[in-house]
Amino acid sequence: MSRVLLGTRNDGKIAEVQELLAGLAGLEFLTSSQVPFSQVEETGTTFLENALLKARAIGEETGLPVLAEDAGLEVPALGGDPGVRSARYAGEPVDYGKNNELLLRRLAAVDDRRARFVAVAALRIPDGQIFVATGVLCGRVARVPSGAGGFGYDPLFVPNGEERTLAELSLHNKNQISHRRRAIGRIRWVLEDLVSTGEL
Ligand code: IMP
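Peer 1: Lay out the site of the ligand in plain terms, naming residues and giving numbers.
Peer 2: Taken together, the neighbourhood of the ligand is formed by 17 residues, with K13, E42, D154, K174 and R180 sitting nearest. One of the side-chain N or O atoms of D70 is found 3.0 Å from an oxygen atom in the ligand. Expressed as a share of its isolated accessible area of 490 Å², the protein-covered part of the ligand is 95%. In a pocket analysis with a 2 Å cut-off to the grid points, the ligand is assigned to the largest pocket. Elements with a minimum of two residues in the shell around the ligand: β3 (66–74) and α5 (179–197). Sort the elements by how many residues they give to the shell around the ligand and β3 lands first, with 3 residues. Taken together, the residues of the shell around the ligand sort by class into 6 nonpolar, 4 polar and 7 charged.

This is the structure we're talking about:
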């Protein structure tokens, strides 16, 4: 049985990723509660840079295969904000409610409410190989928050083809369409291949 460490402390992400990777033969996924690791400064200017920073730093610190991920919301009418600053849009410490309030304020007089979630997943194995995959979910920002599920901007995000926000969907239903599902789903194929070749 090979072990892969999930390189995040975000409980919302951990729950989603654990469901997305369930049932992979020969692999066990560990979290920071089983293998603690240091906080990684997210100094990159893109999701890709931050995903790579986390995968490398946590992989080098623990010596384990690491699956890291960086994600956020991009709003074209705001020049791509909150973007890589999604977690800390309204400042430190991370506060999802304040982030959502700020986003609504910035969009108060804006009709173009298109938005997309982007996730970049980076898998690093101890011999230094790195595998990357991206996933995108397009939708719009609602005028008021609804729903109690999910995390982050979920109460404000209505995916294309849906009337409900992501926070009104079950974790399972969010996981069928989300940006994270697309990124992690693609990495799932890589994990299966690495197990079959004995590289993992
Ligand atoms: P990260 O932990 O640096 O990747 O920051 C992710 C931030 O982007 C979170 O704190 C949320 O604010 C936002 N975000 C990323 N993915 C999602 C999602 O699936 N739903 C809602 N917000 C998300």
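Peer 1: For the pattern of salt bridges, give the residues involved together with the corresponding values.
Peer 2: For the structure on display, the rule yields 14 salt bridges. The partner of K13 in a salt bridge is E69, with the nearest N and O atoms 2.6 Å apart. Of this pair, K13 sits in helix α1 (residues 11–20) while E69 sits in strand β3, and the two are 56 residues apart along the sequence. For the pair K13 and E69, a shared accessibility class is recorded, and that class is buried. Here R180 and E69 are joined by a salt bridge, their closest N and O atoms 2.5 Å apart. Pair noted here: R180 is in helix α5 and E69 is in strand β3, with a separation of 111 residues, a long-range link. Summarising the burial analysis for this pair, R180 and E69 share the class buried. Each of K13, E16, E69, D154, K174 and R180 takes part in a single network of salt bridges with overlapping partners.

Peer 1: Kindly report on empty space enclosed by the protein, identifying the contributing residues and their values.
Peer 2: One pass over the structure, following the stated rule, counts 1 cavity of 30 Å³ or more. Of the voids in this model, the largest cavity is the one considered here, and its volume is about 60 Å³. Every residue along the wall of the largest cavity is listed here: L6, G7, T8, K13, I14, V17, L67, A68, E69 and I184. When contributions to the lining of the largest cavity are tallied by element, the ones reaching two or more residues are α1 and β3. For the lining of the largest cavity, the class distribution of residues is 6 nonpolar, 2 polar and 2 charged.

Peer 1: Can you tell me about the environment of A142, naming the residues and giving the values?
Peer 2: By secondary structure assignment, the location of A142 is in the loop between β5 (130–141) and β6 (157–159). Taking C-alpha positions, A142 is 16 Å from P82, a pair spaced 60 residues apart along the chain. Discounting chain neighbours no more than four positions away, the residues touching A142 are L104, R113, L156 and V158.

Peer 1: Could you give an account of the packing of aromatic side chains, naming the residues involved and the relevant values?
Peer 2: Evaluated as defined, the whole model comprises 2 aromatic pairs. On the basis of an interplanar angle of 50° and a centroid distance of 6.1 Å, the ring pair of Y96 and F151 is categorised as tilted. Of this pair, Y96 sits in helix α3 (residues 96–106) while F151 sits in the loop between β5 and β6, and the two are 55 residues apart along the sequence.

Criteria and cut-off values
Residues numbered from 1 in each chain as written. Predicted model: local features only at pLDDT ≥ 70, side-chain atom pairs only at ≥ 80, totals over all residues. Heavy atoms only, no water. Near = heavy atom within 4 Å. Polar contact = N/O pair within 3.5 Å; in protein donor to acceptor, adjacent residues only side chain to side chain. Areas by Shrake-Rupley, 256 points an atom, 1.4 Å probe, with all protein chains shown as cover. 1 Å grid on protein atoms, 1.4 Å probe; cavity = no way out; pocket = protein on both sides within 12 Å on 5 of 7 lines; lining within 4 Å. Sits in = over half its atoms within 2 Å of the grid points. Helix = DSSP H or I, 4+ residues; strand = E, 2+ residues; numbered from the N terminus. Nonpolar A, V, L, I, M, F, W, Y, C, P; charged D, E, K, R; others polar. Salt bridge = Lys/Arg side-chain N within 4 Å of Asp/Glu carboxyl O. Buried < 20%, exposed > 50% of the residue type's maximum accessible area, 1.4 Å probe, protein only. Points joined across faces, edges and corners; volume = space filled by probe spheres on them. Contact = heavy atoms within 4.5 Å. Phe/Tyr/Trp six-rings, centres within 6.5 Å; stacked < 30°, edge-to-face > 60°.

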